[in-house]
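Listed below, chain by chain, are the residues.
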Amino acid sequence: MGNSVIQLLVLAGVAIFLILKLRSVLGTREGFEKPPAPLEDLRARPPRRDFEVIEGGPDRDIVDHVPDGSAAAKSLAAMKLAEPSFSVSEFLTGARSAYEMILMAFEKGDLAGIRPFLSQDVFATFTEVVEAREREGLTIESHFIGLRELVLQNATFDRESKEAEITVRFVGELTSVVRNKAGEVVEGSPTAIKRQRDLWTFARRMGVDDPNWQLVATGE
């Protein structure tokens with residue numbers, strides 16, 4: 001056997017040993033693996049979003065609350081274009097909390113704490129009612145039980161002013177007692193649960209730093 005053949009056998013043995021050693025450390029690799037991306041590509045990638053929108057598919061954050069293709073859905077989509085961080089679901093979560101806070105403050109006649117969340121017209125209307133109760137010597141004792149229904153009723157968006165309005169229908173449950181100056185019950189019951197139905201419209205200019213929506217209209 002020539003020297004060249006012996007050298008080839010030695011090299012083959014060394015190669016086999018190295019392969020077995022690598023497999024024991026790295027494991028077996030199967031299939032195609034992409035090469036690691038260069039650092040320039042990683043730096044150029046946009047920040048990861050909390051959700052992915054399938055191109056051409058419906059936005060579940062919108063169509064879960066209003067019919068796809070409706071005027072309200074188009075308005076909500078325009079709001080998202082004006083302010084990409086806007087979320088319909090998060091807005092409704094905030095509206096749920098705002099409903100209890102505003103309703104209970106109105107029932108108790110304490111409007112100072114909710115002034116930033118009311119438009120000038122709504123605040124003036126609430127103030128008139130509270131002052132009328134005080135003149136008559138009436139007080140209200142209320143306890144919020146819970147919310148049975150919360151539905152996004154309508155949405156509009158002015159693309160020029162970026163003014164957005166969202167109307168929400170609420171059905172809440174609470175106990176409410178109206179007492180006169182003598183402390184006598186003139187309306188309601190401390191134990192009977194009543195349902196409160198409201199149709200509230202919230203407004204805000206999209207894209208501004210102030211994240212608070214204001215209650216601009218009330219109805220049933």
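The model shown is predicted, which means the values in this text are computed figures rather than measured ones.

Before going further, it helps to examine the pattern of salt bridges. Under the definition given, this model contains eight salt bridges. Note that Arg60 is salt-bridged to Asp64, the shortest N-O span being 2.8 Å. In this structure, Glu149 and Arg169 form a salt bridge, with 2.6 Å as the shortest nitrogen-oxygen distance. With Glu149 in strand 1 (residues 139–158) and Arg169 in strand 2 (residues 163–179), the pair connects residues that are 20 residues apart, well separated along the chain. Residue Glu149 is classed as partly exposed on the basis of its relative accessible area of 29%. A relative accessible area of 30% means that Arg169 is categorised as partly exposed. What emerges from the salt-bridge pattern is a single network uniting Asp59, Asp61 and Lys80.

Looking now at the sheet that holds strand 2. Taken in spatial order, the four strands make up an open sheet running 1-2-3-4, and their pairing is antiparallel. Each having just a single partner strand, strand 1 and strand 4 (214–219) make up the two edges of the open sheet. Strand-to-strand twist of the sheet, defined as the mean angle between neighbouring strand axes without regard to direction, takes the value 25°. Where strand 1 meets strand 2, 17 bridges bridge the pair, whose relative direction is antiparallel. Bridging across to strand 2, His143 finds its partner in Thr175. Along the sheet, helix 4 (residues 71–82) makes contact with strand 1 and strand 2, crossing strand 1 at roughly 85°. The strands that helix 6 (residues 120–135) touches are strand 1 and strand 4; relative to strand 4, the one it contacts most, it runs at about 60°.

Side chains of nonpolar character tend, in soluble globular proteins, to be buried together. Of all hydrophobic cores here, the largest spans 40 residues; its most connected members are Leu76, Met79, Phe86, Phe91, Ile166, Phe202 and Trp213. Per-element accounting of this core gives the leading share, 11 residues, to helix 5 (residues 88–108). In contact with Phe86, not counting residues within four places along its chain, are Leu76, Met79, Lys80, Phe91, Ile166, Met206 and Trp213.

About the thresholds
Residues numbered from 1 in each chain as written. Predicted model: local features only at pLDDT ≥ 70, side-chain atom pairs only at ≥ 80, totals over all residues. Heavy atoms only, no water. Salt bridge = Lys/Arg side-chain N within 4 Å of Asp/Glu carboxyl O. Helix = DSSP H or I, 4+ residues; strand = E, 2+ residues; numbered from the N terminus. Buried < 20%, exposed > 50% of the residue type's maximum accessible area, 1.4 Å probe, protein only. Pairing = 2+ DSSP bridges. Axes fitted to C-alpha atoms, helices over the stretch in contact; angles between N-to-C directions. Contact = heavy atoms within 4.5 Å. Core = buried A, V, L, I, M, F, W, Y, C linked by side-chain atoms within 4.5 Å.

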